[in-house]
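The primary structure of each chain is shown beneath.
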Amino acid sequence: MATRAPDRPAAVASGEPVRPRRRLRRHLVHQLDVKGSPYAYVAPFFLLFSAFGLFPLAYTAWVSLHEWTLLADEHPFVGLDNFRTLLADDYFWNAAFNTLSIGVLSTAPQLLLAIWLAHLLNRPLRAQTFFRVTLLLPNVTSVVAVVVIFSQLFGRDFGMINWMLSWFGVGGVAWNEGVASSHAAISIMIMWRWTGYNALIFLAAMQAVPRELYEAATIDGAGSMTQLRRITIPMIKPTIVFVVITSTIGAMQVLAEPLLFGSYSPTGGVDRQYQTLALFIYENFVKLDFGYASAISWMMFVFIVVVAGVNYLLTRRTKGGLV
Amino acid sequence: MGKLRPRFLAPMLAAVALTVGVAACGGDGGTGTGTAASGAPAEKIKLTVALFSDFHYAPLYEEFKKTHPNVEIVERRAQFNDHHTNLITQLATGAGAADVVAVEGGYVGAFTPTPDKFHNLKDYGLDKRQSEYLDWKWQLGVSNDGSALLGLGTDVGGLAMCYRPDLFEKAGLPTARDEVSALWPTWDQYIETGKKFVAAKVEGAKFTDGPGEHFRAMVEQAPVGYYDEQYNVIAGTNPEVRKAYDMGVRIVDEGLSAKLAAFTPPWNTGIAKGTFATMVCPAWKTGTIKDQNPGEGAWDIAAVPGGGGNQGGTHLMLPKQGKHPKEAAELIDLLTSKESQIKLFKEASALPSLPALYDDPAVSEFVNPYFGNAPIGKIFTDAAKALKPQKVGPKAGDILKAFGDGLQRVEQGKQNPEEAWAQALKDVDRVK
C-alpha cells in the first residue's frame, strides 16, 4: 500500500500522457458498468441461492458419503455404501413406485382438467373475477386442513364417499389400506389443491392467443372443442411444457398428504402402501440417520431430473404448433 | 399427565442419538455451583421446569418458595412429541435444557443409556426415597448401567379394560364390572369371551378395536419384553413376544377386531358410536374417552386380563446442563412427595406411584361418575401394583410399531401371520 504514493508525482511529472490514460480508465469504468452491473444486480439472488440452494445440495452429497447420525462424534467416510444399501433396499423401490404412481394419477387428469377449466373461463363471463378467485381458493387452503378433511371423507366406516358409494351397492372401501385406493385418494387431494392454480396459469396463456384465430375458425365452422384442440393447445404449448415440468417436480416431492393421511405415520401405511420418496427421507431423517436420508435425497433429485426431462421431451414432441 | 402417544413420531429417535453421542457434548456441566449455593442464601436462583402439559404444579411451587425464598420457578410447556424431541436436541447440543424436565414412560428408556447427560440424584440423597416407590417405577428411573439414579417418578398409568355395558347386554354377557372382570383373568379367557360376543351377532359392533394395544399390554406384562437384561434386542427370539403376537392374530382370526388403529380419527368415532365393545385402557385413556363424549355410563371399566399393567406415567429428571442441581433436586423431591402426589391425584387424577397412598381413602374410594361410578382409584392402582419390572430399551417404541404394523397387515388381509411376523422382524432389525 505504501508503495502507491510515489506513483502519482511520477504521473503528473510526465504531463502529456495523462489524458489518453484517463480516457482509457473512463472507458474501462464504463465498460465495467455496462458489462458488470447486470451481474451485480442479479447477484443477491445467486448469493442467496448459493447459500440456501447450492450449498445444501453439495453438503447433502457430502453427508451422503458418510455414516452420519446427528449426535455421533465421528462421521466415518463410507464412500458409496449408503447408495449401495439404498439400491438394494426394497422400501426405497417401493417408495419410488408409489411416488411415480401417485405422480401420474394426480398430474395427468389434473392438467387435462385444468386446460378444460381454463378453456371454459376463457370467454366473456359475468363475475369473471369471482370464478378466477374461486379457482385459486383450494390452493390457499392449508394442506393440513385439506388432508384432515379428505381423510374424514375417505373414512371406512363413517366417510362420506363410502356413504355415497353405498347407493350403488359398493360397500366399505378401506381407502387407506389398499395400494390403488390409497393412491387414488391421495391423488384426489393433490388435484383438489392444484387444478385451479394450473387452470389460472393456462388461462393467462390463453388470453394471449390472438382473437382473430378463433374468429376465423368460427367462420370456418370449427366448434369449441376443435378450437381448443387445434388452436388453443398448440398456441399455449410453452406454458403447457412449463406447467408439466413444475407439476412433475411437485408430484415427486409429495410429503404432507401421505404423512397425514389416515394416521400420522412416516411409514405411509402399515405396509408402506403409500409411502412416497419424500416421506421415506423424512422417516430416516427423524431416525437421525442423516447419511442415509441424504443418499435418498440425492437419488430423489436424480429421479426428478430424469422424470422432468422425459416429460419435457414428451410434451415438446407432441404434434401441433401453428407458427 | 401420563399420556402416551406411542405410534407417533419416532418416540425412540432419541436412542440412536444419545447412545452414539454419549461423549458428544458431556463437557464440564455446571457442577460446582450447586453446592456453593447452599452457603449463600441471598443468591437469587431461577429454576426452569419443562413439562408437556399442565401438571397442576403451581400450588406446589408456592410451597417450595416458602422454604426457598431465593428461588424463582419458571415453567415451560410444549406439545408432547415436541417436548421430548426438544430435550434430545438440547442434550445433544449441550444447551437449552431446563433445570427440571419431565420424561414420559415411553421415552424414559431413550435417556437411561446416557447417565452422563443428567445429574445423578443419588448425589443429592434422593436414593432414600426408593422404599416408598413401586419397584418397577423406581427401576425405570435408574440408568441402564445401574450406576446412577436419573429420575424420580411422578404418576403411573395403571392398566384396565374399558367395556360397553350396553353392547355386553345385547350379547347376553354380564354387565356388572366385577362379573366382567371375572370373565377374563387371562388373555385366553378374554378371547373366549370375545367368541361368545361374536356368536351373539350384535349389530354394528365388534368385540374390540384392534389387536395392537392388546399385544402391547401382553408384552409389557411379561417379565422380559423386547430387551434382555443387558439391553440387547431379543424381540425375535423371546417367546413372550411371539405369544403376544399369536394372541393378536387370534383376535383377528376370530373376527373380534373392528380393524381400527388406536388414536386415529376413525377410532375416536368408534369410541363415541360404540362400534367396538372393549379396549385396553390405561388410566389416562378415561380422558380420551370422555373427550369423544360417548355419554355418561356408556363405557365402564373392568380389570385387564393377564394381571395388571401400566402404560405411561412420568419421571422428573435433571439435565447436567442445569446450574443448580441441589435446589432442583429439592424441588423434585417435593413435587413427588406423598403429600404432593395425593394432592395431584385429587386435583388432576394423576395416579400416585407410591403404593402407601393406594390405601388412602382419597384414592381407594375414588369413583368416576362418567364411568358408571367405577372405582377407578382401586382398579388402576391394583393394576399398577401387580406389574413386574421389565427392562425397557431405548427403541421399544419403534419395535412396538413394527409388530403393531405387522398385526395390522394380517388384519387387512395383506399378509398371512408368518409373512407379517417375518417382515416385522426385518423392521426390528432396521431400528436396532
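Residues numbered from 1 in each chain as written. Chains lettered and ligands numbered in written order. Predicted model: local features only at pLDDT ≥ 70, side-chain atom pairs only at ≥ 80, totals over all residues. Heavy atoms only, no water.

In the annotation of an unreviewed UniProt entry, the entry for chain B reads Cellobiose transport system substrate-binding protein, and the organism field reads Planomonospora venezuelensis.

Going by the annotation in an unreviewed UniProt entry, the name recorded for chain A is Cellobiose transport system permease protein, with Planomonospora venezuelensis given as the source organism. What UniProt records for chain A under Subcellular location (unreviewed entry) is the sentence "Cell membrane". Quoted verbatim from the Sequence similarities (unreviewed entry) heading of the UniProt record, the comment on chain A is "Belongs to the binding-protein-dependent transport system permease family." (UniProt positions renumbered as here; feature names shortened; annotations may be inferred.)

As a further point, take the pattern of salt bridges. Note on pairing: side chains with opposite charge can pair once their charged atoms come close. All names here are of chain B. Taken as a whole and assessed by the stated rule, the structure comprises 27 salt bridges over all chains. The salt bridge partner of Glu330 is Lys326, with a shortest N-O separation of 2.9 Å. You can see Glu330 and its partner Lys326 sitting in helix H14 (residues 325-335), four residues apart, about one turn around the helix. Accessibility expressed as a relative area gives 27% for Glu330, which makes it partly exposed. Judged by its relative accessible area of 26%, Lys326 is partly exposed. With a closest N to O distance of 2.7 Å, Asp382 and Lys378 form a salt bridge. In this pair, Asp382 and Lys378 are both assigned in helix H17 (residues 376-386), four residues apart and thus about one turn of the helix distant. By relative accessible area, Asp382 is classed as partly exposed at 34%. Since its relative accessible area comes to 41%, Lys378 is described here as partly exposed. Shared partners join several salt bridges into a network, and the residues in it are Asp188, Glu192, Lys195, Arg250 and Glu254. (Salt bridge = Lys/Arg side-chain N within 4 Å of Asp/Glu carboxyl O. Helix = DSSP H or I, 4+ residues; strand = E, 2+ residues; numbered from the N terminus. Buried < 20%, exposed > 50% of the residue type's maximum accessible area, 1.4 Å probe, protein only.)

On to the packing of aromatic side chains, then. This structure, assessed with the given rule, holds 42 aromatic pairs over all chains. When the centroid spacing of 6.1 Å and the interplanar angle of 80 degrees are considered together, the rings of Tyr59(A) and Trp68(A) count as edge-to-face. Relative to Phe403(B), the ring of Phe215(B) has its centre 5.5 Å away and its plane inclined at 40 degrees; by these criteria the two rings are tilted. Within this pair, whereas Phe215(B) is found in helix H10 (residues 212-221), its partner Phe403(B) is found in helix H18 (residues 396-411), the two being separated by 188 residues in sequence. Three or more aromatic residues joined by ring pairs form one cluster here, namely Tyr163(B), Phe168(B), Trp184(B), Trp187(B), Tyr190(B), Phe197(B) and Phe207(B). Its end group placed over the ring of Tyr91(A), Arg272(A) keeps NZ or CZ at 3.8 Å from the ring centre. Across the ring face of Trp421(B), the terminal group of Arg242(B) is positioned such that the distance to the ring centre comes to 4.6 Å. (Phe/Tyr/Trp six-rings, centres within 6.5 Å; stacked < 30°, edge-to-face > 60°. Lys NZ or Arg CZ within 6 Å of the ring centre and 35° of its normal.)

Attention now goes to the nonpolar core. All names here are of chain B. Counting 83 residues, the largest nonpolar core has Tyr57, Phe111, Trp299, Ile301 and Leu331 as its most contacted members. Considering every element that reaches this core, the biggest residue donor is H14, with six residues. The residues that make up this core include at least three from each of domain 1 (13-156 + 313-371) and domain 2 (159-311 + 390-431). Within the second largest apolar cluster, 49 residues are counted, among which are Ala171, Met218, Val410 and Ala424. (Core = buried A, V, L, I, M, F, W, Y, C linked by side-chain atoms within 4.5 Å. Domains from an automatic or database assignment.)

It is worth spelling out the domain arrangement of chain B at this point. Residues and elements named next belong to chain B. We note that the domain assignment places domain 1 (13-156 + 313-371) and domain 2 (159-311 + 390-431) within chain B. Averaged C-alpha coordinates put domain 1 and domain 2 at centres separated by 31 Å. Contacts between the two partners involve 14 residues from domain 1 and, on the opposite side, 20 residues from domain 2. For the pair domain 1 and domain 2, the summed buried area comes to about 1500 Å², and 61% of that belongs to carbon and sulfur atoms. By the criterion of area lost to domain 2, the three top residues of domain 1 are Asn144, Tyr370 and Phe371, representing 50% of everything that side buries. Taken together, the links from domain 1 to domain 2 amount to zero salt bridges. (Contact = heavy atoms within 4.5 Å. Buried area = accessible area lost by both parts, 1.4 Å probe.)

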